[in-house]
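Below, each chain spelled out in residue letters.
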Amino acid sequence: GNLAGVTLPETSKVGDTQLVLNGMGLRKKLWVKVYVGAIYLREKSSDPAKIIAADEPKQMVMHFLYEVDAAKLVDAWKEGFANNSAAKLPQLQQRLDQFCVLWRTMKVGEEATMTYSPGVGVKLAIGGSEVGLLQGKDFADALFAVWLGDAPPSADLKKGVLGQ
């Protein structure tokens, strides 16, 4: 896949499972291109509810085009969870806090990868190094809902990762 000068592989491997690039989207804030987002799935889908519900390996990649400091990233995650999974926030809050602590300032050209594996949870890798594991499918659902829920950072970004 290619978007905004960023090339991402067409496939990704999670354990023994081969995933395919579902789509790529651009996160813009005002006139700034912040990151290219991509979602990898077992098979392509344009149905956000189905993607979230599927208990199978999936991956979310953020390729940064702009330096974003850790505090801004944490705010964005908190907002994304609150906007798309408000009802579940009480049971997710502790893991969301853990997740937020794992982030650092992302430099231009760096990638963050969130990989969900059934029965394992979500592994977060930053700049190619695994930094943490968040357990529970409910956490993975809320994480993917940040992009695929009713209130994504932008409609364009959601359309892009859905391959539309």
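The shown structure was predicted, so the numbers you read here are calculated from the model rather than taken from an experiment.

### Some points on the pattern of salt bridges
At step 1: Tallied over the entire structure, the rule returns 3 salt bridges.
At step 2: Arg-104 is the partner of Glu-110 in a salt bridge, and the nearest nitrogen-oxygen pair spans 2.8 Å.

### A word on unusual backbone geometry
At step 1: Even without being glycine, Ala-4 reaches a positive phi, approximately 50 degrees.
At step 2: With respect to the secondary-structure elements, Ala-4 resides in the loop between β1 (2–3) and β2 (6–7).
At step 3: Even without glycine at this site, Leu-30 takes up a positive phi of about 55 degrees.
At step 4: Mapped onto the elements, Leu-30 comes out in the loop between β4 (17–29) and β5 (32–41).
At step 5: A residue is classified by how much of its surface remains accessible, and Leu-30, at 73% relative accessible area, is exposed.

### Thoughts on the environment of Leu-65
At step 1: When you line up the elements, Leu-65 lands in the loop between β6 (58–64) and α2 (70–84).
At step 2: Sequence separation of Leu-65 and Ala-53 is 12 residues, and the distance between their C-alpha atoms is 30 Å.
At step 3: Once residues lying within four places of it in the same chain are set aside, the contact partners of Leu-65 are Ala-4, Val-6, Leu-26, Lys-33, Val-34, Tyr-35, Val-36 and Val-108.

### Looking at the packing of aromatic side chains
At step 1: Tallying each qualifying case throughout the model produces 7 aromatic pairs.
At step 2: Ring centres of Tyr-35 and Phe-64 lie 5.6 Å apart, and the angle between their planes is 50 degrees; on these two criteria the pair is classed as tilted. One end of the pair, Tyr-35, is in strand β5; the other, Phe-64, is in strand β6, with 29 residues separating them in the sequence.
At step 3: Assessed through its relative accessible area of 7%, Tyr-35 is described here as buried.
At step 4: Here Phe-64 falls in the buried class, since its relative accessible area comes to 1%.
At step 5: Geometrically, the ring pair formed by Tyr-35 and Trp-147 is stacked, given 6.0 Å between the ring centres and 20 degrees between the ring planes.

### Quick word on α2
At step 1: In a regular helix each residue adds 1.5 Å, so 15 residues correspond to 21 Å; α2 covers 21 Å between its end C-alpha atoms and thus fits that length.
At step 2: Residues of α2 that are buried: Leu-73, Val-74, Trp-77, Gly-80, Phe-81 and Asn-84. Each buried residue of α2 lies within a common arc of 125 degrees when the element is viewed along its axis, so the set occupies one face. The exposed set on the far side of α2, more than 90 degrees from its buried face, consists of Ala-71, Lys-72, Asp-75 and Glu-79.
At step 3: Against the buried residues of α2 lie β6, α3 (89–101), β7 (111–117) and α4 (137–148).

### Side note on the side chain of Ser-154
At step 1: Mapped onto the elements of the fold, Ser-154 is located in the loop between α4 and α5 (155–161).
At step 2: A polar contact of 3.2 Å, which involves the side chain of Ser-154, links it to the backbone nitrogen of Leu-157.
At step 3: Leaving out residues up to four positions away in the same chain, Ser-154 has contacts with Leu-26 and Arg-27.

Cut-off values and rules
Residues numbered from 1 in each chain as written. Predicted model: local features only at pLDDT ≥ 70, side-chain atom pairs only at ≥ 80, totals over all residues. Heavy atoms only, no water. Salt bridge = Lys/Arg side-chain N within 4 Å of Asp/Glu carboxyl O. Helix = DSSP H or I, 4+ residues; strand = E, 2+ residues; numbered from the N terminus. Buried < 20%, exposed > 50% of the residue type's maximum accessible area, 1.4 Å probe, protein only. Contact = heavy atoms within 4.5 Å. Phe/Tyr/Trp six-rings, centres within 6.5 Å; stacked < 30°, edge-to-face > 60°. Expected span 1.5 Å × (residues − 1). Arc of directions from axis to C-beta. Polar contact = N/O pair within 3.5 Å; in protein donor to acceptor, adjacent residues only side chain to side chain.

What is shown is where atoms sit, not what they do.
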